[in-house]
Amino acid sequence: MPRPITRKGKKIALVPPAKEDTILYTQWLNDSEVNRGLNLHTEMPLTVDQEEKWYEENITKNPSDKTIFAVMLLKNKKIIGNVGLESIHPIHQSAELGIVIGEKKQWGKGYGEEILRLILDYGFNTLNRKSIFLRCFEYNDRALKLYKKFGFKMQGKLRKNSYYDGKLHDTYYLDMLKNEFNKRYKRT
Ligand SMILES: CC(C)(COP(=O)(O)OP(=O)(O)OC[C@H]1O[C@@H](n2cnc3c(N)ncnc32)[C@H](O)[C@@H]1OP(=O)(O)O)[C@@H](O)C(=O)NCCC(=O)NCCS
């Protein structure tokens, strides 16, 4: 059955996740090139069982402080990643962004930018968040380049708080405000 589309871009749509996606999540998250940016390499290997538990807690139970979408390629309806907002706070009107394109062959095609447009439009203009932030490890060059080009602003870093590949690394904090997003991208 086709999934209902929550947000549609040119090549990408955000759709509700499905339990069967946990098989894909497990494959993606066990890939060291994918998980290095998520700091999940410390928890490898991840099993389908663990991912199903994660799905139960974070999607089936529909917690009010987070919303997670599957990322679907419009041309073939394939699920290539997921993206979500967490720590959705009712008083502070803020949220934290997380994004993963798990299918590596889909990197470098501009999908990251399109996904950011869709999820931030959802976060700012549907959930009425005023501020959305993200955390990114200093060695994640591809992600940092995307975020900066997109218009996220670097706000600071935690020094040497993440261990990867034999070294401790800084974690950057970047953010964007609702008015900055709407000025730059407008609603379509
Ligand atoms: C981060 C991610 C979402 C980026 O999406 P994407 O569609 O692959 O983005 P792109 O490949 O178009 O890259 C964005 C920019 O980085 C550049 N780039 C590609 N490889 C790069 C590299 N190794 N080093 C530096 N920049 C690089 C691209 O050229 C592009 O810039 P351009 O638009 O000027 O050409 C995706 O790579 C991903 O899901 N990675 C694994 C999980 C992850 O790290 N998530 C982020 C956690 S903070």
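First, a word on what this report is: a plain description of the structure on this page. In this text, all values refer to a predicted model and were calculated from it rather than measured experimentally. (Residues numbered from 1 in each chain as written. Predicted model: local features only at pLDDT ≥ 70, side-chain atom pairs only at ≥ 80, totals over all residues.)

**So, the overall build of the protein**
- When you go through the protein residue by residue, the secondary structure sums to six helices and eight strands.
- Starting at the N terminus and walking to the C terminus, you meet the elements of the protein as β-β-α-α-α-β-β-β-α-β-α-β-β-α.
- The C-alpha radius of gyration of the protein comes to 16 Å, within 12% of the 16 Å expected for a compact globule of 188 residues.
- For the protein, the spread of C-alpha atoms along the principal axes amounts to about 45 × 40 × 35 Å.
- Out of the 188 residues belonging to the protein, those deemed buried represent 27%.
- In the protein, 54% of the contacts between residues at least 6 apart in sequence involve partners at least 24 apart. (Helix = DSSP H or I, 4+ residues; strand = E, 2+ residues; numbered from the N terminus. Rg over C-alpha atoms; globule rule 2.2 N^0.38 Å. Buried ≥ 20, exposed ≤ 12 C-beta atoms within 10 Å, placed from the backbone. Contact = placed C-beta atoms within 7 Å.)

**A word on helix H4 (residues 111-126)**
- Under the 1.5 Å per step criterion, the end-to-end length of H4 is 21 Å for 16 residues, consistent within 8% with the ideal 22 Å.
- Along H4, the residues classified as buried are Gly112, Ile115, Leu116, Leu118, Ile119, Leu120, Gly123 and Phe124.
- With its phi angle positive at about 55°, asparagine 128 sits one or two positions after the end of H4. (Expected span 1.5 Å × (residues − 1).)

**Brief notes about the environment of threonine 6**
- Topologically, threonine 6 is positioned in the segment before strand E1 (7-8).
- Sequence-distant contacts of threonine 6, that is, excluding residues within four places in its chain, are made with Leu14, Val15 and Phe69.

**Things to note about the site of the ligand**
- Gly37, Trp107, Gly108, Gly112 and Asp141 are the nearest of the 21 residues found near the ligand.
- Contributions of two or more residues to the shell around the ligand are made by strand E5 (94-101), H4 and helix H5 (141-150).
- With six residues, the top contributor of residues to the shell around the ligand is H5. (Near = placed C-beta within 6 Å.)

**Let's talk about the sheet that holds strand E3 (residues 67-73)**
- Reading across the sheet, the eight strands line up as E1-E2-E3-E4-E5-E6-E8-E7 and stay open at both edges, with mixed pairing between neighbours. Every other strand in the sheet has two partners, leaving E1 and strand E7 (153-164) as the edge strands with one partner each.
- Relative to strand E8 (residues 167-177), E7 runs antiparallel, the two sharing eight bridges. Opposite glycine 156, over in E8, you have tyrosine 173 as the bridge partner.
- On the sheet, H4 packs against E1, strand E2 (12-15), E3, strand E4 (79-86), E5, strand E6 (131-137) and E8 and is oriented at approximately 45° with respect to E2. (Pairing = 2+ DSSP bridges. Axes fitted to C-alpha atoms, helices over the stretch in contact; angles between N-to-C directions.)

**As for the nonpolar core**
- The biggest cluster of nonpolar side chains holds 36 residues, and the ones touching the most others in it are Leu14, Val71, Ile115, Ile119 and Leu120.
- Elements represented by at least two residues in this core include exactly E2, helix H1 (21-29), E3, E4, E5, H4, E6 and E8.
- With six residues, the top contributor of residues to this core is H4.
- Dropping the residues within four chain positions of it, isoleucine 119 is found in contact with Leu14, Val83, Leu85 and Leu97. (Core = buried A, V, L, I, M, F, W, Y, C linked by C-beta atoms within 7 Å.)

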